[in-house]
Amino acid sequence: MKNSTQINSMLLLKWCMLLLLITPKFIYSQETKTTEYRTLNAYISDFSKNELFVKKSMVDYSNSIVENQLESRTKATANRITEKLIALNKNLKLNDKGYKSNTLLRDSFIKMNEKTIECLNNGTLIMNDYELQSLKSPDEIIQNLKERQLNLTSYFTEIRLFEESKREFGCLFNVNIRNFTGKNILEYNAFENILFYKINVIDEKINASILKMNKEDFFKSITALENINQEVILKTNNYKNSYNDSSLNNANIAFSNFIFTQKAKLVPLFNSFYDDYILLQKLKNATSEQEITQYNSVVRSYNLKKNQLYDTLDIIQKNKKILFDNFFVVNRTFLKNNMKQVDLYESYTYND
């Protein structure tokens with residue numbers, strides 16, 4: 001759905017900004033001192049500048065998407081950020097000796113940067129490329145969705161590890177470094193969104209297989225949709241007690257059930273239409289009067305069944321759009337109501 005790109009991109013921007021705990025002021029430490037730091041404050045000050053630079057970079061990337069720029073420009077932005085992160089990591093490995101030879105913060109930060117680079121390169125954080133994914137075979141799509149799920153899990157794991165390393169470092173040197181604490185609403189939101197993404201990718205593939213009259217892809221995709229619908233039911237049931245606000249969870253269930261139920265209606269229509277399509281291929285070179293009469297009869301049946309199938313598909317897509325748009329409204333409201341908008345880095349430590 002091309003008209004959904006901007007909506008998805010706006011969500012991605014909000015997600016990245018919240019996920020990475022962005023602040024309005026950013027400083028990039030171009031050079032890291034190669035000598036041992038004399039004071040803890042000096043070390044943390046330099047470290048915080050590099051961390052905030054990374055987070056600003058992610059905002060720059062998100063902005064390139066939300067502004068609906070050309071894919072080539074967005075890719076160029078991602079490449080530019082990747083190059084900077086690679087250079088930053090190299091610099092840190094060579095020059096950051098830590099504080100009193102403790103490199104806990106540095107090592108964890110480098111790992112998080114490496115994960116960010118990986119996610120920029122493999123598109124883990126982009127969840128609106130339904131049409132692009134539909135160009136793949138059903139088997140490739142299923143494998144890609146599995147990898148996307150694993151990458152997303154790994155991404156949040158690395159972010160949690162980095163936040164934990166800040167707490168651990170603070171305990172070692174008696175300094176309270178600000179970090180993301182409390183229930184991980186962002187991770188919850190992300191995994192609700194990837195369920196929604198999976199449904200839309202498979203739905204787009206089903207539509208594409210109908211247009212191309214690809215029966216094998218159609219039924220493989222229907223089976224995939226059934227499996228994903230079961231996944232949604234199972235996981236949303238596990239998620240339902242995560243927050244008092246269950247609106248996002250309920251929106252996902254409603255959307256998934258609608259798509260699965262409506263697509264089931266297409267199966268008999270597609271089968272009947274496809275049978276006439278195959279029969280037409282056999283009769284298209286008809287020469288005898290009997291064959292020509294049969295061909296004309298099948299043409300009339302084919303056109304009737306085609307109209308029934310496409311009319312049903314059109315109704316499904318119109319009704320789907322209502323639930324599709326509603327999901328994003330619910331999503332934005334959920335984040336607004338449940339995410340405290342706190343500038344955690346007005347100061348980097350509670351001691352400042």
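Since this is a predicted model, take the numbers as computed values, not measurements.

A. Structural view of the overall build of the chain. Secondary structure summary: the chain contains 10 helices and zero strands in total. Starting at the N terminus, the α and β elements of the chain follow one another as α-α-α-α-α-α-α-α-α-α. Burial analysis of the chain (352 residues in total) assigns 49% to the buried set. When contacts within the chain are restricted to residue pairs at least 6 apart in sequence, those whose partners lie at least 24 apart make up 83%. In the form shown here, the chain has an accessible surface area of approximately 17800 Å², with 51% of it arising from carbon and sulfur atoms.

B. Quick look at the nonpolar core. One finds F109, L152, F169, I202, I210 and F218 to be the most contacted residues of the largest nonpolar core, which totals 76 residues. Within the residue set of this core, elements represented by two or more residues are α2 (40-66), α3 (71-95), α4 (104-122), α6 (138-173), α7 (185-211), α8 (215-239), α9 (247-283) and α10 (289-338). Here this core takes 14 residues from α7, the largest share from any one element. If sequence neighbours within four positions are ignored, I210 has contacts with F218, L266, F270, L309, Y310 and L313.

C. Here's a closer look at the pattern of salt bridges. Per the stated rule, a full pass over the model turns up 18 salt bridges. K166 is paired through a salt bridge with E163; the nearest N and O atoms lie 3.5 Å apart. Note that K166 and E163 are positioned in helix α6 at a spacing of three residues, about one turn of the helix. Of the two residues examined, K166 and E163, each falls in the buried class. Between D217 and K205 there is a salt bridge whose closest N-O contact spans 3.6 Å. A residue pair is termed long-range when its members are at least 10 positions apart, and D217 in helix α8 and K205 in helix α7 qualify at 12 residues. Within the structure, one salt-bridge network assembled from shared partners comprises E51, E163 and K166.

D. Representation of unusual backbone geometry within the structure. Phi angles above zero are rare outside glycine, and K100 is one such case at about 55 degrees. Mapping K100 onto the fold places it in the loop between α3 and α4. In this structure, N174 is a non-glycine residue whose phi angle is positive, near 55 degrees. Position of N174 relative to the elements: it lies in the loop between α6 and α7. According to the relative accessible area criterion, N174 is exposed, its value standing at 72%.

E. Inspection of the side chain of K205 at higher detail. In this structure K205 comes out as buried when scored by relative accessible area, which is 5%. What K205 contacts, discounting residues up to four positions off in sequence, is S134, K136, S137, P138, I141, D217 and S221.

F. Up close: the environment of Q230. Here Q230 is to be found in helix α8. In this structure the C-alpha to C-alpha distance between Q230 and F260, which are 30 residues apart in sequence, comes to 9.8 Å.

G. Summary view of the packing of aromatic side chains. Under the counting rule described, the total for this entry stands at 29 aromatic pairs. Arranged with centres 5.5 Å apart and planes meeting at 35 degrees, the rings of F196 and F324 form a pair that is tilted. You can see F196 sitting in helix α7 and its partner F324 sitting in helix α10, a full 128 residues away along the chain. Pair check on accessibility: F196 and F324 agree, each one buried. Ring geometry for Y274 against Y277: centres 5.9 Å apart, planes inclined by 40 degrees, an arrangement best described as tilted. With Y274 and Y277 both in helix α9 and three residues apart, the pair spans about one turn of that helix. Owing to a relative accessible area of 25%, Y277 belongs among the partly exposed residues under this scheme. An aromatic cluster is defined as three or more aromatic residues linked by ring pairs; in this entry it consists of Y43, F47, Y99, F109, F162, F169 and F173. A cation sits over an aromatic face here: K306 above Y310, 6.0 Å from the ring centre.

H. Structural view of the environment of M213. Within the secondary structure, M213 is located in the loop between α7 and α8. Residue M213 is classed as buried on the basis of its relative accessible area, which comes to 12%. Between the C-alpha atoms of M213 and Y277, which are 64 residues apart in sequence, the distance is 8.5 Å. Contacts of M213, omitting those with residues within four sequence positions, involve F273, Y274 and Y277.

I. Region of the structure containing the environment of K97. Inspection of the secondary structure assignment puts K97 in the loop between α3 and α4. Between the alpha carbons of K97 and Y43 there is a distance of 10.0 Å; along the sequence they are 54 residues apart. Here L94 takes part through its backbone oxygen, which lies 3.0 Å from a polar atom of the side chain of K97.

J. Inspection of the confidence of the model for the chain at higher detail. When pLDDT is averaged along the chain, the result is 82; 79% of the residues meet or exceed 70. The low-confidence segment residues 19-35 (pLDDT under 50) makes 47 contacts with residues lying over four places distant or belonging to another chain. The model gives residues 341-346 a pLDDT under 50, and that stretch makes 15 contacts with residues more than four places away or in other chains.

Procedures and definitions
- Residues numbered from 1 in each chain as written.
- Predicted model: local features only at pLDDT ≥ 70, side-chain atom pairs only at ≥ 80, totals over all residues.
- Heavy atoms only, no water.
- Helix = DSSP H or I, 4+ residues; strand = E, 2+ residues; numbered from the N terminus.
- Buried < 20%, exposed > 50% of the residue type's maximum accessible area, 1.4 Å probe, protein only.
- Contact = heavy atoms within 4.5 Å.
- Areas by Shrake-Rupley, 256 points an atom, 1.4 Å probe, with all protein chains shown as cover.
- Core = buried A, V, L, I, M, F, W, Y, C linked by side-chain atoms within 4.5 Å.
- Salt bridge = Lys/Arg side-chain N within 4 Å of Asp/Glu carboxyl O.
- Phe/Tyr/Trp six-rings, centres within 6.5 Å; stacked < 30°, edge-to-face > 60°.
- Lys NZ or Arg CZ within 6 Å of the ring centre and 35° of its normal.
- Polar contact = N/O pair within 3.5 Å; in protein donor to acceptor, adjacent residues only side chain to side chain.
- pLDDT = per-residue confidence, 0-100.

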